[in-house]
Amino acid sequence: MPPSTVSYHMESWQHVQVHICRILGIQLIFLVGFGFCMSSSFVSCEVGGCTSNVGSTNQSLNIPPYFEKHITKSYFDKYDSLLDSDFLDFISHELFPGSCELLLDNLNLVLRLSVQQRSLIGDGSHRHLSSSFRFNIQSELIAELPIHFCEAIIIEKLPYGIFADPFELQHLLQRGVFMGAAVFGDTNLELPSVHSNRSLVEVHMDVDLNTFSRHKDGLEINIDLPLHIRYPPLEESGYSNIELGAPDLFMRCSIEAKSHNQSCLLMLKDNGVALGNGPVVWRVPSGIKAHARAVSIVTFISAILSTLSIVLTSVYYSSTKLCKNLKQS
Amino acid sequence: MDVRSLLLFSALLRVLLIIYGEWQDAHMEVRYTDVDYLVFSDAASLVASGKSPYQRSTYRYSPLLAFLLVPNSIIHPSWGKFLFSASDLLVGLFIHTILELRKVPENLCTCALMVWLFNPFTFSIGTRGNCEPIVCAMILWIIICLMNGKVLQAAFWYGLVVHFRIYPIIYSIPIILVLDPHCFLYGLKPALSSWVGQGNSTQSIPSTAVPESCGIWIALTSMFTRARIMFGLISGAVFFAFTGLFFYLYRWEFLHEALLYHLTRTDPRHNFSIYFYHIYLHYEHEFSVVERLISFLPQFLVQLVLIVCFAQDLPFCFFAQTVAFVAFNKVITAQYFVWFFCLLPLILPWSNMKLKWTGLSCILLWMGTQTHWLMWGYLLEFKGKNVFLELWIASILFLAANTFVLIKIIRYHTYSSLFQRLEFSSSDNDLKEGKKSN
């Protein structure tokens, strides 16, 4: 190929490259400007003050507006961390304002928790907590209650070392697995147990009491919650056992009152019904403290040996090449 | 196969992989798309709704990335993957440009290009939604700008890329050193060293010039040249301008997540780094300043020596520095490998290493130790076995493999300065009349 043709092709190719780069540069400027305009009304999220509320599908199901609130959200407005005693106080004094006593007393008679089973499915650091709850329903009584709509609310108080990924829950929400789901508390996905706090998962499931009342087996609620493990504190044995406590179960129903509809919340007690297959324990591998000294020493010796190898090779070969260059010149 | 056909075929491959990725995400339990892509996309949708991208937890990047992915919410969720794959192809184009400028024969250019375009790691990383190809493209463009004598452009892109991803800060000193007044005059296109065949150095040393061993000394004494000052000022200004802009928009959250987090990051969770188990075993107490300095010392020493020895051979210096930086980092994830994969084709034409058997042994050793680590990592994370010790030993072996490969590459590399030393004639007018570049 003659040199003039080669240089023509090279120049054309360079023009193409310049053109591509100009297009990319213009796009970059455009997008930066667009993003700048979008950011002019941003909402800042302070560290420690964020909750990962993945929202719910209330709008699409014609659910009353007073149902939108997650019942445990206000717990973290008042308390810094999740403690069982504080949460019991919260349930007793803040979740039950007292305006639905009559309905709640009646609903208590209607629903009886008969069976609950829980198990961890899977291996390793990523598992599913499978929970199943069955309630007996007295169908003749339920028809008399002025209930408009009901939902089951399951509160999982996760122990130290276990967390739920709010974005994973959002994905499940979008697929319609849950009606609503939210994670409150420590939602940092990366910290080990020693530097993290507990968190809480609130899941909402649609319940039609009238439909279930026609089934002889009663009402059954099944939940499959994906959970993940944090690195646990160091243990001599090399394993850490984390126990998952029983969830708190609620039924929230909207009732038709004379002046306006209202929601009533009922805590479903287990009435002494034991877990069908015992407590759920997650066995997690942990670091062994006895390794600490040896690991530190060997780590730094390895780093030093690698460093020395590279340094000596670089110095030797660069000076060898330099001498060779000087001889050639 | 010519370059255009290669690029077209590579583009088609990437489009097919993106389409396949969408299918796999919708139909299979294991997703093709990288988890990071979901983070970018969520952050971009927050920006599209006028919110801060840092409301998305684990979003630890410049807001620029979220801005670039805003079309994910407007056009199609795969927009970002197409953008990253296009950057990936741009890297290939830039590799070819750089080698062509240095007069590498076409067949070697094509082979080097194929090392990037058909590397399974490379074509999967962009199609899975990882943003590293954008960084690689910017770094190669900076090299091209320097080769064409365009200091201001190089400085602009350098400031931008350091804002985008902090690690290119390690290239600052070699760039400053390569702007040697004996090789590079501001406003003039520098003379590039050409490829003349493996085993032969292209460094020509005029008899009147100072021997190369004093190059560093001259660099120190004549540090403040116009090219160096302009490069430092412009790149610094661009970096601080973008940082200042986003600090104005997003305050401390931006500073902490996009910058400070990366500077202070110590992750106790398992990764390829030899330090992970040491960090986990000592995580309950804070590391002292002395401990932090000791762990930083190997990295610092290696970077310093590589710069001093190889700065003038800029592409090789970048490559060696990046391999060492990744190997000695406190956290190593697989996406970091693409940082040096994009530089590997730039040095291959100057390597005397034969594929049989030195080259093959390097490849097999590097991949073998990685696979070995992944096996223990799988047992720990997905089977719940306590294999922390075995996994840590696997990371030590991986460091050994990285060291071995780097040593071999240095051993077989034909040193070649990027720029030729300028011939100073009795009249300086010869230089002033030279081709202007800016």
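Residues numbered from 1 in each chain as written. Chains lettered and ligands numbered in written order. Predicted model: local features only at pLDDT ≥ 70, side-chain atom pairs only at ≥ 80, totals over all residues. Heavy atoms only, no water.

Q: Could you give an account of the environment of L233 of chain B, naming the residues involved and the relevant values?
A: Take L233 of chain B: it is sitting in helix α12 (residues 226-264). For the pair L233 of chain B and G159 of chain B, spaced 74 residues apart in sequence, the C-alpha separation works out to 9.6 Å. (Helix = DSSP H or I, 4+ residues; strand = E, 2+ residues; numbered from the N terminus.)

Q: Run through unusual backbone geometry, naming residues and quoting values.
A: Working note: non-glycine residues mostly have negative phi, and peptide bonds are mostly trans. Residue and element names in this part refer to chain B. Note the cis peptide between K356 and W357, where omega equals 0 degrees. Take W357: it is sitting in helix α18 (residues 355-383). Positive phi values are uncommon outside glycine, yet T58 reaches one of about 70 degrees. The residue T58 is located in the loop between α2 (35-48) and α3 (63-68) in this model.

Q: Break down the packing of aromatic side chains for me, citing the residues and quoting the values.
A: All names here are of chain B. Taken as a whole and assessed by the stated rule, the structure comprises 47 aromatic pairs over all chains. Ring geometry for Y158 against F231: centres 5.5 Å apart, planes inclined by 35 degrees, an arrangement best described as tilted. Of this pair, Y158 sits in helix α9 (residues 151-164) while F231 sits in helix α12, and the two are 73 residues apart along the sequence. Among the residues examined, Y158 registers a relative accessible area of 5% and is labelled buried. By relative accessible area, F231 is classed as buried at 2%. Aromatic side chains Y167 and W339 sit 3.7 Å apart centroid to centroid with 10 degrees between the ring planes, which places their arrangement in the stacked category. (Phe/Tyr/Trp six-rings, centres within 6.5 Å; stacked < 30°, edge-to-face > 60°. Buried < 20%, exposed > 50% of the residue type's maximum accessible area, 1.4 Å probe, protein only.)

Q: Let's hear about the pattern of salt bridges: which residues, and what values?
A: Residues and elements named next belong to chain A. In the structure shown here, the tally under the stated rule is 10 salt bridges over all chains. Among the ionic pairs, D248 bridges to K157, the shortest N-O distance being 2.7 Å. Within this pair, whereas D248 is found in strand β10 (residues 248-255), its partner K157 is found in strand β4 (residues 147-158), the two being separated by 91 residues in sequence. For D248, a relative accessible area of 11% translates into the label buried. (Salt bridge = Lys/Arg side-chain N within 4 Å of Asp/Glu carboxyl O.)

Q: Mind laying out a nonpolar patch on the surface, listing which residues take part and the relevant values?
A: Residues and elements named next belong to chain B. On the surface, L12, V15, L16, I19 and F82 cluster together into a nonpolar patch covering about 450 Å² of accessible area. Of the residues forming the nonpolar patch, the biggest block, 4 residues, is contributed by helix α1 (residues 3-27). You can call F82 partly exposed: its relative accessible area is 39%. (Patch = residues over 30% accessible without salt bridge, like charges linked within 9 Å, V, L, I, M, F, W, Y side chains within 5 Å. Areas by Shrake-Rupley, 256 points an atom, 1.4 Å probe, with all protein chains shown as cover.)

Q: Describe the environment of C253 of chain A, with residues and values.
A: Residue and element names in this part refer to chain A. With respect to the secondary-structure elements, C253 resides in strand β10. Under the relative-accessibility criterion, C253 is labelled buried at 0%. Sequence-wise, C253 and F149 are 104 residues apart; in three dimensions their C-alpha atoms are separated by 5.4 Å.

Q: So what's going on with α9 of chain B? Which residues, and what values?
A: Residues and elements named next belong to chain B. Between the first and last C-alpha of α9 there are 20 Å, a value that for 14 residues agrees with the 20 Å anticipated at 1.5 Å per step. Counting buried positions along α9 yields 11 of 14 residues, so the element is predominantly enclosed. Those residues of α9 that sit buried are V151, A154, A155, W157, Y158, G159, L160, V161, V162, H163 and F164. (Expected span 1.5 Å × (residues − 1).)

Q: Account for the confidence of the model for chain A, with residues named and values stated.
A: Note: predicted coordinates in regions of low pLDDT should not be interpreted at a detailed level. All names here are of chain A. Of the residues in chain A, 57% reach a pLDDT of 70 or more, and the chain-wide mean stands at 71. When mean pLDDT is taken per element in chain A, strand β12 (residues 280-285) scores highest with 93 and strand β1 (residues 52-56) scores lowest with 38. Contacts for the low-pLDDT stretch residues 1-13, under 50 throughout, to residues beyond four places or in other chains number 9 contacts. (pLDDT = per-residue confidence, 0-100. Contact = heavy atoms within 4.5 Å.)

Q: So what's going on with the environment of H228 of chain A? Residues and values would help.
A: Residues and elements named next belong to chain A. Take H228: it is sitting in strand β8 (residues 219-229). As for H228 and F163, which are separated by 65 residues in sequence, their C-alpha atoms are 5.4 Å apart. Residues in contact with H228, not counting those within four places in the same chain, are S125, H126, G161, I162, F163, D165, E168 and W282. Engagement of the side chain of H228 in a polar contact is seen with the side chain of H126, the distance being 2.8 Å. (Polar contact = N/O pair within 3.5 Å; in protein donor to acceptor, adjacent residues only side chain to side chain.)

Q: Requested: an account of the packing of helix α5 (residues 79-101) of chain B against helix α8 (residues 132-147) of chain B, with residues and values cited.
A: All names here are of chain B. At a closest axis distance of 8 Å, the pairing of α5 and α8 adopts a crossing angle of 25 degrees. Comparing their axes, α8 and α5 come out roughly parallel. Regarding α5 and α8, the two cross each other, and that crossing is left-handed. From α5, L83, F84, S87, D88, L90, V91, F94, I95, T97, I98 and L101 reach across to α8, where they touch P133, I134, C136, A137, L140, W141, I143, I144 and M147. (Axes fitted to C-alpha atoms, helices over the stretch in contact; angles between N-to-C directions. Parallel < 35°, antiparallel > 145°, perpendicular 65-115°, else oblique. Left-handed = near helix turned anticlockwise from the far one by under 90°.)

Q: Break down the UniProt feature "transmembrane region" (unreviewed entry) in chain A for me, citing the residues and quoting the values.
A: As annotated by UniProt and renumbered to match this structure, "transmembrane region" (unreviewed entry) occupies residues 20-43 and 294-317 of chain A. Along residues 294-317 of chain A one finds 100% helix and 0% strand; the C-alpha atoms at either end are 34 Å apart. (UniProt positions renumbered as here; feature names shortened; annotations may be inferred.)

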